[in-house]
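Structural characterization, general
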Amino acid sequence: MAASHDAIMNAVYAVLQKKSVRDLTMEEVAKRAKVGKPTLYKWWPTKATLVLAMLCERMPPNLEKPIGLSAEESLAFECGD
C-alpha cells in the first residue's frame, strides 16, 4: 500500500509539472503510477481530493507567514502595483 501511495503521489506531481489540474486525469495518474483507477477512487473520491492530498504531503510544513501587510497590500506587492 505505501509503495502504491508513493507512486500515485509521484505521478500526480509529475503530471502537474506539465499540465494544469484541469487537464490532469485520474486515468493518466493511474497509468503513470501503474495502479488501477479503482485504487485511486478507493482512497480519493475525486481528482480534487487527490491533488489536495499531494499538495498537503509535499508542501513544507512550516511556511513563513507574511507579517505586517493586509491582504490588499500583499496582493499589490505580489502584483507589482
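On a predicted model such as this, the values are computed, not experimentally measured, just so you know. (Residues numbered from 1 in each chain as written. Predicted model: local features only at pLDDT ≥ 70, side-chain atom pairs only at ≥ 80, totals over all residues. Heavy atoms only, no water.)

**Things to note about the overall build of the protein chain**
Tallying secondary structure elements over the protein chain gives 5 helices and 0 strands in all. For the protein chain, the sequential pattern of α-helices and β-strands runs α-α-α-α-α. For the protein chain, restricting intrachain contacts to residue pairs at least 6 apart in sequence, the fraction spanning at least 24 positions comes to 54%. (Helix = DSSP H or I, 4+ residues; strand = E, 2+ residues; numbered from the N terminus. Contact = heavy atoms within 4.5 Å.)

**With respect to the packing of aromatic side chains**
Following the criterion strictly, the structure yields 1 aromatic pair and no others. Aromatic side chains Trp43 and Trp44 sit 5.4 Å apart centroid to centroid with 90 degrees between the ring planes, which places their arrangement in the edge-to-face category. With a relative accessible area of 25%, Trp43 lands in the partly exposed category. Taking the relative accessible area as the measure of exposure, Trp44 reaches 8% and is therefore buried. (Phe/Tyr/Trp six-rings, centres within 6.5 Å; stacked < 30°, edge-to-face > 60°. Buried < 20%, exposed > 50% of the residue type's maximum accessible area, 1.4 Å probe, protein only.)

**Digging into the pattern of salt bridges**
Any two side chains of opposite charge can pair, so long as their charged atoms come close to each other. Within the structure shown, the criterion is met by 1 salt bridge. Between Lys19 and Glu28 there is a salt bridge; the shortest N-O distance is 3.1 Å. For Lys19, a relative accessible area of 35% puts it in the partly exposed group. (Salt bridge = Lys/Arg side-chain N within 4 Å of Asp/Glu carboxyl O.)

**Overview of the packing of helix α1 (residues 2-16) against helix α4 (residues 47-58)**
In the contact formed by α1 and α4, the axes pass within 10 Å of each other and the chain directions differ by 100 degrees. Put simply, α1 runs roughly perpendicular to α4. Contacts between α1 and α4 involve His5, Ile8, Met9, Asn10, Val12, Tyr13 and Leu16 from the first element and Leu50, Val51, Ala53, Met54, Glu57 and Arg58 from the second. Per-class residue counts for the contact of α1 with α4 are 9 nonpolar, 2 polar and 2 charged. (Axes fitted to C-alpha atoms, helices over the stretch in contact; angles between N-to-C directions. Parallel < 35°, antiparallel > 145°, perpendicular 65-115°, else oblique. Nonpolar A, V, L, I, M, F, W, Y, C, P; charged D, E, K, R; others polar.)

**So, the nonpolar core**
One finds Ile8, Met9, Val12, Val29, Leu40, Trp44 and Leu50 to be the most contacted residues of the largest nonpolar core, which totals 17 residues. Secondary-structure elements contributing two or more residues to this core are α1, α2 (26-33) and α4. When residues of this core are assigned to their parent elements, the largest contribution, 5 residues, is made by α1. Among residues more than four places away in sequence, those in contact with Val12 are Leu24, Val29, Leu50, Val51 and Met54. (Core = buried A, V, L, I, M, F, W, Y, C linked by side-chain atoms within 4.5 Å.)

**Overview of α1**
With 15 residues, α1 extends 21 Å from end C-alpha to end C-alpha; this agrees with the ideal 21 Å at 1.5 Å per step. Among all positions in α1, only Ile8, Met9, Ala11, Val12 and Val15 are buried. Viewed end-on, α1 has its buried residues packed into an arc of 155 degrees, placing them on one side of the element. Counted as exposed and oriented over 90 degrees from the buried face of α1: Ala2 and Ala3. Those residues of α1 that are buried are in contact with α2, α3 (37-43) and α4. (Expected span 1.5 Å × (residues − 1). Arc of directions from axis to C-beta.)

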